[in-house]
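Spelled out, the chains give:
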Amino acid sequence: MTLRLAKPFAITATAIALCLGGAASAQDMGEYITMFEPLPAIPPIPSGATMSTERIDLGRMLFFEPRISASGVISCATCHNPALGWTDRIPRATGHDGQVGDRNTPTVLNSGFLRAQFWDGREPDLEGQALGPIQAEIEMNMTLEQAIDRLKEFEVYRSAFAVAFPGDPDPVNPPNVALAIAAFERTLNTPNSPFDRFLMGDEMAMTAQQQSGMRLFVDNGCVACHNGPNLSDSNFHRFELPGSTDAGRFLVTGDEADRFAFRTPTLRNVTVTYPYFNNGSVANLRDAVNLMGQQMLGHDFAEEELEDLVAFLEALTGDMPHIEVPALP
């Protein structure tokens, strides 16, 4: 299968040379390091999306709040479980009344670094993403009006919104819910991985095998899509996953060129965010890497290459955010 890009992306001339060069063309690890970026402490903050302590604390409460679901038992944390890599580790998300969705739950870790949210990119930012699951019939199944009415029942929430959004005469409203949840989610980042320390000069942070995998990752062109600090270009690429009938980005744009195109997933913490791909049909990371080589690169990796690539991906696991589950009213 040939790789077709739904949108153009930027990549350095050196990276292009490495990607097209096949066998290792860099002379030392210094050249490979220039292909990557360490993860910053926090992602970019959009205009108007202030990350005050009060907003973050409110967003944390809302993230774990099940009463903004029709059943009263489903919250954002149901699918984005802190104990499971901030995902759910099942092939496809299960929501309201036990309904099973069409897609695998992406991790929320480092999601503020993405320029498109959801597998199909139907929302550009975390604020847009935050309100979608609340209203989705198959997820939390509650209208925004119902969710706001429920939150207003509690003095704790009325007070928290007033403090987080001073000057707003009616602060308990959908846009402020989105701003608060997004502010919290922008704190869920995983710096200080062995990979990050290696990029910043700690030559012992990655093993020889992990460094070999890093070379393979560049030389075989994986870096063309998995680049930037979050190892995702946030663009959409055609990937016909065996057994999947999901039309992907096409369902958003109606553009035939986007059929079966999905946003490039982050590879950070990929060893703890299984199963893989849009329908969660591949549980094993080695198998996922092997399939990507075949489908996207037209290449069958040798067993030793697969072992080295998986070892490199293991180096992408960073420090998990330590979040105290809030006491809800």
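Use the structure listed above.
Quick look at the structure, then.

Definitions and cut-offs
Residues numbered from 1 in each chain as written. Predicted model: local features only at pLDDT ≥ 70, side-chain atom pairs only at ≥ 80, totals over all residues. Heavy atoms only, no water. Phe/Tyr/Trp six-rings, centres within 6.5 Å; stacked < 30°, edge-to-face > 60°. Helix = DSSP H or I, 4+ residues; strand = E, 2+ residues; numbered from the N terminus. Lys NZ or Arg CZ within 6 Å of the ring centre and 35° of its normal. Core = buried A, V, L, I, M, F, W, Y, C linked by side-chain atoms within 4.5 Å. Buried < 20%, exposed > 50% of the residue type's maximum accessible area, 1.4 Å probe, protein only. Contact = heavy atoms within 4.5 Å. Expected span 1.5 Å × (residues − 1). Axes fitted to C-alpha atoms, helices over the stretch in contact; angles between N-to-C directions. Parallel < 35°, antiparallel > 145°, perpendicular 65-115°, else oblique. Left-handed = near helix turned anticlockwise from the far one by under 90°. Nonpolar A, V, L, I, M, F, W, Y, C, P; charged D, E, K, R; others polar. 1 Å grid on protein atoms, 1.4 Å probe; cavity = no way out; pocket = protein on both sides within 12 Å on 5 of 7 lines; lining within 4 Å. Points joined across faces, edges and corners; volume = space filled by probe spheres on them.

A short note on the packing of aromatic side chains
Per the stated rule, a full pass over the model turns up 13 aromatic pairs. Ring geometry for Phe161 against Phe165: centres 6.3 Å apart, planes inclined by 25°, an arrangement best described as stacked. Note on Phe195 and Phe312: the rings are 5.6 Å apart at their centroids and 80° apart in plane angle, and the pair reads as edge-to-face. Residue Phe195 is located in helix α9 (residues 194-199), and its partner Phe312 is located in helix α13 (residues 303-314); the two are separated by 117 residues in the primary sequence. In this structure an aromatic cluster arises from ring pairing among Phe36, Phe195, Phe217 and Phe312. The lysine or arginine in question, Arg249, covers the ring of Phe236, its NZ or CZ lying 4.2 Å from the ring centre. The ring centre of Phe250 lies 4.0 Å from the NZ or CZ of Arg259, which sits over that ring.

Re the nonpolar core
If you look at the biggest cluster of nonpolar residues, it comprises 36 residues, and the most contacted ones within it are Phe36, Phe195, Met214 and Phe312. Of all elements in the fold, only α2 (29-33), α9, α10 (208-219), α12 (285-296) and α13 reach the threshold of two or more residues within this core. Other than its neighbours up to four places away in sequence, Phe195 contacts Phe36, Glu37, Met206, Met214, Leu231, Arg268, Phe312, Ala315 and Leu316. Counting residues in each nonpolar core, the second largest holds 25 residues, with Ile74, Phe161, Ala164 and Val177 among its members.

Remarks on α13
Relative to the 16 Å expected for 12 residues at 1.5 Å per residue, α13 spans 17 Å between its end C-alpha atoms, a close match to the ideal helical length. Buried within α13 are the following residues: Leu306, Asp308, Leu309, Val310, Ala311, Phe312 and Leu313. Taken together, the buried residues of α13 touch α9, α10 and α12.

What to know about the packing of α12 against α13
Contact geometry of α12 with α13 gives a least axis separation of 10 Å together with a crossing angle of 115°. It follows from the interaxial angle that α12 and α13 lie roughly perpendicular. In the crossing of α12 with α13, the sense of the turn from one axis to the other is right-handed. Facing α12, whose interface residues are Leu285, Arg286, Val289 and Asn290, α13 presents Glu303, Leu306, Leu309, Val310 and Leu313. When its residues are assigned to classes, the contact of α12 with α13 shows six nonpolar, one polar and two charged.

A few points about the packing of helix α3 (residues 53-63) against helix α7 (residues 155-164)
The contact between α3 and α7 brings their axes to 8 Å, and the two run at 145°. For the element pair α3 and α7, the recorded crossing hand is left-handed. Contacts from Glu54, Arg55, Leu58, Met61 and Leu62 in α3 reach Val156, Tyr157, Ala160, Phe161, Val163 and Ala164 in α7. Residue classes in the contact of α3 with α7 are distributed as nine nonpolar, no polar and two charged.

Description of empty space enclosed by the protein
With the rule as written, the count across this model stands at one cavity of 30 Å³ or more. Of the volumes computed, that of the largest cavity is approximately 50 Å³. Surrounding the largest cavity, Ile68, Leu131, Ile134, Leu144, Ala147, Ile148, Leu151, Pro174 and Val177 form its lining. Looking at the lining of the largest cavity, the elements that each hand over two or more residues are α5 (126-135), α6 (144-152) and α8 (174-185). Tallying contributions element by element places α6 first for the lining of the largest cavity, with four residues.

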